[in-house]
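Geometric and topological summary
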Amino acid sequence: MLKNYMKEGQKLPLFGVGPYIIYGIAVLNLIGIILIGYVFKVGILDMPWLLLFRITGIMLILLGIIIWYIGALRSGMDEAITENKLQTKGIYSYVRNPMYSGWWILLSGIILMWHNWVMLILPVIDWVIMTIALMYTEEKWLLDLYGEEYADYKKRVNRFIPWKRRR
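Read on for a plain summary of the structure. (Residues numbered from 1 in each chain as written. Predicted model: local features only at pLDDT ≥ 70, side-chain atom pairs only at ≥ 80, totals over all residues. Heavy atoms only, no water.)

Note that the residue after Met47, namely Pro48, is joined by a cis bond; omega there is -5°. Note that Pro48 resides in the loop between helix H1 (18-39) and helix H2 (49-73). At Asn84, a residue that is not glycine, the phi angle is positive and equals roughly 55°. With respect to the helices and strands, Asn84 occurs in the loop between helix H3 (77-82) and helix H4 (98-112). Exposure remark for Asn84: the relative accessible area of 24% places this residue in the partly exposed category. With phi around 35°, His115 is a residue other than glycine that occupies positive phi space. Among the secondary structure elements, His115 is positioned in the loop between H4 and helix H5 (121-135). (Helix = DSSP H or I, 4+ residues; strand = E, 2+ residues; numbered from the N terminus. Buried < 20%, exposed > 50% of the residue type's maximum accessible area, 1.4 Å probe, protein only.)

Pasting the structure below:
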(Lines give C-alpha, C1' and ligand atoms only; values in the text may rest on other atoms or scores of the structure.)
Protein backbone atom coordinates (compact mmCIF):
# COMPACT_ATOMS: atom_id res chain seq x y z
CA MET A 1 0.00 0.00 0.00
CA LEU A 2 0.97 3.64 -0.32
CA LYS A 3 3.22 5.05 2.39
CA ASN A 4 4.49 8.63 2.32
CA TYR A 5 7.94 8.03 3.72
CA MET A 6 11.37 9.01 2.47
CA LYS A 7 13.94 6.25 2.26
CA GLU A 8 17.56 7.34 2.58
CA GLY A 9 18.73 8.49 -0.85
CA GLN A 10 15.18 8.76 -2.21
CA LYS A 11 14.98 11.82 -4.48
CA LEU A 12 11.19 12.34 -4.71
CA PRO A 13 8.36 12.05 -2.16
CA LEU A 14 5.70 9.45 -2.88
CA PHE A 15 2.83 11.94 -2.97
CA GLY A 16 4.44 15.22 -4.05
CA VAL A 17 1.94 17.96 -4.91
CA GLY A 18 -0.75 15.51 -6.05
CA PRO A 19 -3.12 15.67 -3.10
CA TYR A 20 -3.05 19.49 -3.12
CA ILE A 21 -3.90 19.64 -6.82
CA ILE A 22 -6.67 17.06 -6.55
CA TYR A 23 -8.23 18.55 -3.40
CA GLY A 24 -8.02 21.98 -5.00
CA ILE A 25 -9.86 21.00 -8.17
CA ALA A 26 -12.39 18.94 -6.17
CA VAL A 27 -13.21 22.03 -4.07
CA LEU A 28 -13.39 24.13 -7.25
CA ASN A 29 -15.83 21.60 -8.75
CA LEU A 30 -17.94 21.59 -5.60
CA ILE A 31 -18.15 25.39 -5.70
CA GLY A 32 -19.05 25.21 -9.40
CA ILE A 33 -21.75 22.63 -8.78
CA ILE A 34 -23.26 24.72 -5.97
CA LEU A 35 -23.14 28.00 -7.89
CA ILE A 36 -24.21 26.73 -11.31
CA GLY A 37 -26.66 24.05 -10.21
CA TYR A 38 -28.21 25.48 -7.06
CA VAL A 39 -27.61 29.24 -6.83
CA PHE A 40 -27.93 30.35 -10.48
CA LYS A 41 -29.85 27.24 -11.64
CA VAL A 42 -28.71 27.52 -15.26
CA GLY A 43 -27.95 24.87 -17.87
CA ILE A 44 -30.02 22.03 -16.40
CA LEU A 45 -31.02 19.47 -19.03
CA ASP A 46 -34.10 17.22 -19.12
CA MET A 47 -34.69 13.85 -20.79
CA PRO A 48 -33.14 12.36 -22.88
CA TRP A 49 -30.01 14.38 -21.98
CA LEU A 50 -30.44 13.66 -18.27
CA LEU A 51 -30.16 9.93 -18.95
CA LEU A 52 -27.23 10.33 -21.37
CA PHE A 53 -25.28 12.53 -18.93
CA ARG A 54 -25.90 10.18 -16.00
CA ILE A 55 -24.95 6.99 -17.86
CA THR A 56 -21.82 8.67 -19.21
CA GLY A 57 -21.09 10.04 -15.73
CA ILE A 58 -21.30 6.58 -14.14
CA MET A 59 -19.03 5.13 -16.83
CA LEU A 60 -16.47 7.92 -16.30
CA ILE A 61 -16.56 7.50 -12.53
CA LEU A 62 -15.84 3.77 -12.88
CA LEU A 63 -13.15 4.35 -15.51
CA GLY A 64 -11.50 6.99 -13.30
CA ILE A 65 -11.44 4.63 -10.32
CA ILE A 66 -9.92 1.85 -12.44
CA ILE A 67 -7.22 4.09 -13.92
CA TRP A 68 -6.34 5.55 -10.51
CA TYR A 69 -6.27 2.09 -8.92
CA ILE A 70 -3.95 0.65 -11.56
CA GLY A 71 -1.65 3.68 -11.45
CA ALA A 72 -1.54 3.97 -7.67
CA LEU A 73 -1.73 0.41 -6.40
CA ARG A 74 -0.91 -1.98 -9.25
CA SER A 75 1.93 -0.28 -11.10
CA GLY A 76 4.90 -0.67 -8.80
CA MET A 77 5.19 3.10 -8.57
CA ASP A 78 6.10 3.02 -4.86
CA GLU A 79 9.14 0.90 -5.60
CA ALA A 80 10.14 3.01 -8.61
CA ILE A 81 10.06 6.18 -6.50
CA THR A 82 11.97 4.70 -3.56
CA GLU A 83 14.58 3.27 -5.97
CA ASN A 84 14.78 6.56 -7.95
CA LYS A 85 13.74 4.90 -11.21
CA LEU A 86 11.50 6.42 -13.85
CA GLN A 87 8.36 4.30 -14.17
CA THR A 88 7.49 3.85 -17.86
CA LYS A 89 5.93 0.37 -17.90
CA GLY A 90 2.36 -0.84 -17.61
CA ILE A 91 -0.19 1.95 -17.46
CA TYR A 92 2.70 4.43 -17.45
CA SER A 93 3.39 3.48 -21.07
CA TYR A 94 -0.05 4.94 -21.94
CA VAL A 95 -0.26 7.95 -19.64
CA ARG A 96 2.39 9.76 -17.60
CA ASN A 97 0.07 10.63 -14.73
CA PRO A 98 -2.55 7.89 -14.32
CA MET A 99 -3.40 8.89 -10.77
CA TYR A 100 -4.20 12.46 -11.86
CA SER A 101 -5.98 11.11 -14.94
CA GLY A 102 -8.09 8.82 -12.81
CA TRP A 103 -9.16 11.65 -10.54
CA TRP A 104 -9.79 14.00 -13.46
CA ILE A 105 -11.96 11.41 -15.23
CA LEU A 106 -13.77 10.55 -11.96
CA LEU A 107 -14.48 14.22 -11.18
CA SER A 108 -15.68 14.76 -14.76
CA GLY A 109 -18.09 11.85 -14.27
CA ILE A 110 -19.38 13.36 -11.04
CA ILE A 111 -19.97 16.67 -12.82
CA LEU A 112 -22.00 14.88 -15.52
CA MET A 113 -24.30 13.47 -12.84
CA TRP A 114 -25.80 16.97 -12.51
CA HIS A 115 -26.91 16.83 -16.22
CA ASN A 116 -25.96 20.45 -16.69
CA TRP A 117 -24.31 21.69 -19.89
CA VAL A 118 -22.82 24.81 -18.23
CA MET A 119 -20.85 22.61 -15.83
CA LEU A 120 -19.00 21.07 -18.79
CA ILE A 121 -16.53 23.95 -18.44
CA LEU A 122 -15.32 22.51 -15.11
CA PRO A 123 -13.35 19.52 -16.54
CA VAL A 124 -11.65 21.94 -18.96
CA ILE A 125 -10.70 24.24 -16.07
CA ASP A 126 -9.50 21.20 -14.08
CA TRP A 127 -7.34 20.07 -17.01
CA VAL A 128 -5.78 23.54 -17.34
CA ILE A 129 -5.04 23.73 -13.60
CA MET A 130 -3.50 20.24 -13.52
CA THR A 131 -1.46 20.91 -16.66
CA ILE A 132 -0.01 24.17 -15.35
CA ALA A 133 0.58 22.79 -11.86
CA LEU A 134 2.37 19.69 -13.14
CA MET A 135 4.45 21.58 -15.70
CA TYR A 136 5.89 23.76 -12.96
CA THR A 137 6.29 21.11 -10.27
CA GLU A 138 6.52 17.39 -10.91
CA GLU A 139 7.52 17.57 -14.56
CA LYS A 140 10.28 20.03 -13.72
CA TRP A 141 11.52 17.81 -10.86
CA LEU A 142 11.45 14.71 -13.06
CA LEU A 143 13.32 16.45 -15.87
CA ASP A 144 15.97 17.60 -13.39
CA LEU A 145 16.24 14.12 -11.91
CA TYR A 146 16.07 11.94 -15.05
CA GLY A 147 17.16 14.37 -17.79
CA GLU A 148 16.99 13.07 -21.35
CA GLU A 149 15.28 9.84 -20.27
CA TYR A 150 12.28 11.85 -19.01
CA ALA A 151 12.36 14.24 -21.99
CA ASP A 152 12.09 11.25 -24.36
CA TYR A 153 9.33 9.73 -22.22
CA LYS A 154 7.36 13.01 -22.41
CA LYS A 155 7.54 12.86 -26.21
CA ARG A 156 6.17 9.31 -26.28
CA VAL A 157 3.47 9.37 -23.60
CA ASN A 158 0.60 11.81 -23.06
CA ARG A 159 0.27 13.71 -19.79
CA PHE A 160 -3.38 12.93 -18.84
CA ILE A 161 -5.34 11.18 -21.55
CA PRO A 162 -4.33 7.50 -21.82
CA TRP A 163 -3.38 6.46 -25.34
CA LYS A 164 -0.40 5.19 -27.25
CA ARG A 165 1.22 7.87 -29.37
CA ARG A 166 2.56 7.02 -32.76
CA ARG A 167 6.27 7.61 -33.25
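Next, the rest of the story.
This part takes up helix H6 (residues 138-146). Think of an α-helix as turning once every 3.6 residues; residues three or four places apart then point the same way. Of the positions making up H6, those classed as buried are Glu138, Glu139, Leu142 and Tyr146. Looking straight down H6, one finds that the buried residues subtend no more than 95° of arc, so they occupy a single side. Buried-residue contacts for H6 involve H1, H4, H5 and helix H7 (148-156). Looking at the residues trailing H6, positive phi occurs at Gly147, about 60°. (Arc of directions from axis to C-beta. Contact = heavy atoms within 4.5 Å.)

Scope: geometric values only; no functional claims are made or implied.
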